[in-house]
Amino acid sequence: MASRKDKKGRVLRKGESFRITDEMYVYTYTDPFGKRRYTYSKDLVKLREKEEQLKRDQMDGIDSYVAGNADLNFMFDRYMSTKTELRVSTRANYLEIYERYVRSEFGRKKIGEIKYSDILFFYNHLITEKNLHIGTIQYLQRLIRPSLEMAVRDNIIRINPANGVIQQIKKKTQNSGSYTRHALTLEQQRAFLSFIDENPLYNRWKPLFTVLIGTGCRIGDAYGKIRLKLEQIQ
């Protein structure tokens, strides 16, 4: 049962009501698609803060309902569906790394709730707890940032919380000196290839490692070229 006054006798505004059964304040509004929506609070002041936010969002053309219900996974999948020009190997690499590090946990966060600090903490967690290299974090950023940018362009959120995060991460890792890259010396390269050549478990991979060391080609690019050649042969 709802009332137009609360238990203190305060007259409620249009769209507001007070549920006597559980003493909950309710604000009823219509979303951009014409559907009836509700927001709740135990406190009238907090309810009205939500009302003002909803009104500002509507003035700006922002779909607060979608922002509160769609998660990062939804936006990533939507973003990937637009990338029709990607090579098969590139798409496979994108999906594999997202599935491994993002989808099951951070990917479930509602896009309207994701803040700059959330992404910063997430990347730091991957570096300190999962021992990921800064290069992998940059790779993830190339997937997360444009997914959230699409949400901005679709008027679901105001700003992209991923903007500037990677610069902060790089600054921190550079200051710590933890992720300085060191190329193998010529002697180390020879020792590595010699070890592979003499080991029956790994020697079948020597041609691949010889190409990687000799060309500096990234493993993802090498994999893509090999897969493409095999498809052509078949």
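Placed above this text is the structure.
The structure reproduced in this document is the subject of the present report. (Residues numbered from 1 in each chain as written. Predicted model: local features only at pLDDT ≥ 70, side-chain atom pairs only at ≥ 80, totals over all residues. Heavy atoms only, no water.)

**A few points about the overall build of the protein**
Next, step 1: When you go through the protein residue by residue, the secondary structure sums to 10 helices and four strands.
Next, step 2: Shown N-terminal to C-terminal, the secondary structure of the protein runs as helices and strands in the order β-β-β-β-α-α-α-α-α-α-α-α-α-α.
Next, step 3: Across the 234 residues in the protein, those meeting the buried criterion constitute 34%.
Next, step 4: For the protein, restricting intrachain contacts to residue pairs at least 6 apart in sequence, the fraction spanning at least 24 positions comes to 50%. (Helix = DSSP H or I, 4+ residues; strand = E, 2+ residues; numbered from the N terminus. Buried < 20%, exposed > 50% of the residue type's maximum accessible area, 1.4 Å probe, protein only. Contact = heavy atoms within 4.5 Å.)

**Thoughts on unusual backbone geometry**
Apart from glycine, the bulk of residues carry a negative phi angle, and the bulk of peptide bonds sit in the trans form.
Next, step 1: If you check the backbone angles, E23 has positive phi at about 55° while not being a glycine.
Next, step 2: As for its placement among the helices and strands, E23 is situated in the loop between β2 (16-19) and β3 (24-30).
Next, step 3: For E23, a relative accessible area of 39% translates into the label partly exposed.

**Topic: the nonpolar core**
Next, step 1: L72, I119, Y123, I137, L148 and I169 are the most contacted members of the largest nonpolar core, which has 36 residues in total.
Next, step 2: For this core, the secondary structure elements donating two or more residues are α3 (72-82), α4 (88-103), α5 (116-128), α6 (134-153) and α7 (165-176).
Next, step 3: Ranked by the residues each element gives to this core, the list is headed by α6, at nine residues.
Next, step 4: Apart from the residues within four sequence positions on either side, I137 is in contact with Y123, L126, I127, L132, I166 and I169.
Next, step 5: Core analysis: the next-biggest nonpolar cluster, separate from the first, contains eight residues, Y25, Y27, L44 and L47 among them. (Core = buried A, V, L, I, M, F, W, Y, C linked by side-chain atoms within 4.5 Å.)

**Things to note about the side chain of Q141**
Next, step 1: Within the element layout of this structure, Q141 appears in helix α6.
Next, step 2: Accessibility expressed as a relative area gives 7% for Q141, which makes it buried.
Next, step 3: At 3.0 Å, the side chain of Q141 and the backbone oxygen of A162 are in polar contact. (Polar contact = N/O pair within 3.5 Å; in protein donor to acceptor, adjacent residues only side chain to side chain.)

**With respect to the pattern of salt bridges**
Next, step 1: Scanning the model with the defined rule gives 10 salt bridges in all.
Next, step 2: Note that D154 is salt-bridged to R78, the shortest N-O span being 3.6 Å. Highlighted residues: D154 in the loop between α6 and α7 and R78 in helix α3, separated in sequence by 76 residues.
Next, step 3: Residue R78 is classed as partly exposed on the basis of its relative accessible area, which comes to 40%.
Next, step 4: Among the ionic pairs, E187 bridges to R190, the shortest N-O distance being 3.9 Å. Within this pair, E187 and its partner R190 are both found in helix α8 (residues 186-198), separated by three residues, close to a single helical turn.
Next, step 5: Overlapping salt bridges, with partners in common, bring together D77, E99 and R103 in one network. (Salt bridge = Lys/Arg side-chain N within 4 Å of Asp/Glu carboxyl O.)

**Details of the packing of aromatic side chains**
Next, step 1: Under the counting rule described, the total for this entry stands at seven aromatic pairs.
Next, step 2: Seen from their ring centres, F195 and Y202 are 6.1 Å apart, and the 35° between their planes marks the pair as tilted.
Next, step 3: Aromatic ring contacts, followed pair by pair, group F106, F122 and Y123 into a single cluster. (Phe/Tyr/Trp six-rings, centres within 6.5 Å; stacked < 30°, edge-to-face > 60°.)

**Focus: α5**
Next, step 1: When the terminal C-alpha atoms of α5 are compared, their 18 Å separation across 13 residues agrees well with the 18 Å that a helix rising 1.5 Å per residue should span.
Next, step 2: Where α5 is concerned, the buried positions are I119, L120, F122, Y123, N124, L126 and I127. (Expected span 1.5 Å × (residues − 1).)

**Overview of a nonpolar patch on the surface**
Next, step 1: On the surface, F195, L201, Y202 and W205 cluster together to form a nonpolar patch covering roughly 440 Å² of accessible area.
Next, step 2: Structurally, the position occupied by F195 is in helix α8. (Patch = residues over 30% accessible without salt bridge, like charges linked within 9 Å, V, L, I, M, F, W, Y side chains within 5 Å. Areas by Shrake-Rupley, 256 points an atom, 1.4 Å probe, with all protein chains shown as cover.)

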